[in-house]
Every structure is written in C-alpha cells, then in structure tokens.
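This is what each chain is made of:
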Amino acid sequence: MTIIAWIIIGIIAGWIAEKIMGRSDSLVMNLIIGIVGAIVGGWLFGALFGVNVAEGGWLWSILVSVIGAVILLAIINMIRGRSVR
C-alpha cells in the first residue's frame, strides 16, 4: 500500500478504536494508535491464524487495525491505571 493509504487506514482505525475504548484523542494520536494497531493486529492475525492481512483489501485492513488498536489502547490504559471498558 502507499503511504497515503496507511495514513487513511491509521486515522480511521485509531478513531474507531478511541470510540470503542471511550477515549478522546487528537487526530495525530489516532494516526499513531491506528498505525501501531495495524502492526500489532497484523502480527497477531499472522501468528495466531496464519492470515496475510495485506491481501484482504481495505475493509480487512481496517478491521485488523482496529482490533490491534483496541488491544494497544487496553494495554496503555492498564499501564496508566485507567479502567478498561
């Protein structure tokens, strides 16, 4: 994917994850959480299910990125001592 596609997917995934987790972050933070979430989600899906996320298209990439971002935000919340929904 191009860098622009990664940015768009990162922003969307970060925004969805923040809404799921009940947070309110900036656009830049959503981008960072979304991209790191994509890495976490891609690694998890590859390791656990043997799935190649890159071949799934936009929707699959966003879904995996959101799952990774939610996991990442849950870990951040636990480290900071915040309650996880």
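Structure report, in brief. (Residues numbered from 1 in each chain as written. Predicted model: local features only at pLDDT ≥ 70, side-chain atom pairs only at ≥ 80, totals over all residues. Heavy atoms only, no water.)

### Remarks on the pattern of salt bridges
Tallying each qualifying case throughout the model produces two salt bridges. Put simply, Glu 18 and Lys 19 hold a salt bridge, and the shortest N to O gap is 3.7 Å. For Lys 19, a relative accessible area of 45% corresponds to the partly exposed category. A salt bridge links Arg 23 to Asp 25; the shortest N-O distance between them is 3.1 Å. Accessibility expressed as a relative area gives 12% for Arg 23, which makes it buried. Under the relative-accessibility criterion, Asp 25 is labelled partly exposed at 22%. (Salt bridge = Lys/Arg side-chain N within 4 Å of Asp/Glu carboxyl O. Buried < 20%, exposed > 50% of the residue type's maximum accessible area, 1.4 Å probe, protein only.)

### Re helix H1 (residues 3–20)
In this model, H1 (18 residues) spans 25 Å end to end at C-alpha, consistent with the 26 Å of a helix rising 1.5 Å per residue. Burial in H1 covers these residues: Ala 5, Ile 9, Gly 10, Ala 13, Gly 14, Ala 17 and Glu 18. Residues of H1 that are buried in the fold lie against helix H2 (27–49) and helix H3 (57–80). In the stretch just after H1, Gly 22 is the one whose phi turns positive, near 70 degrees. (Helix = DSSP H or I, 4+ residues; strand = E, 2+ residues; numbered from the N terminus. Expected span 1.5 Å × (residues − 1). Contact = heavy atoms within 4.5 Å.)

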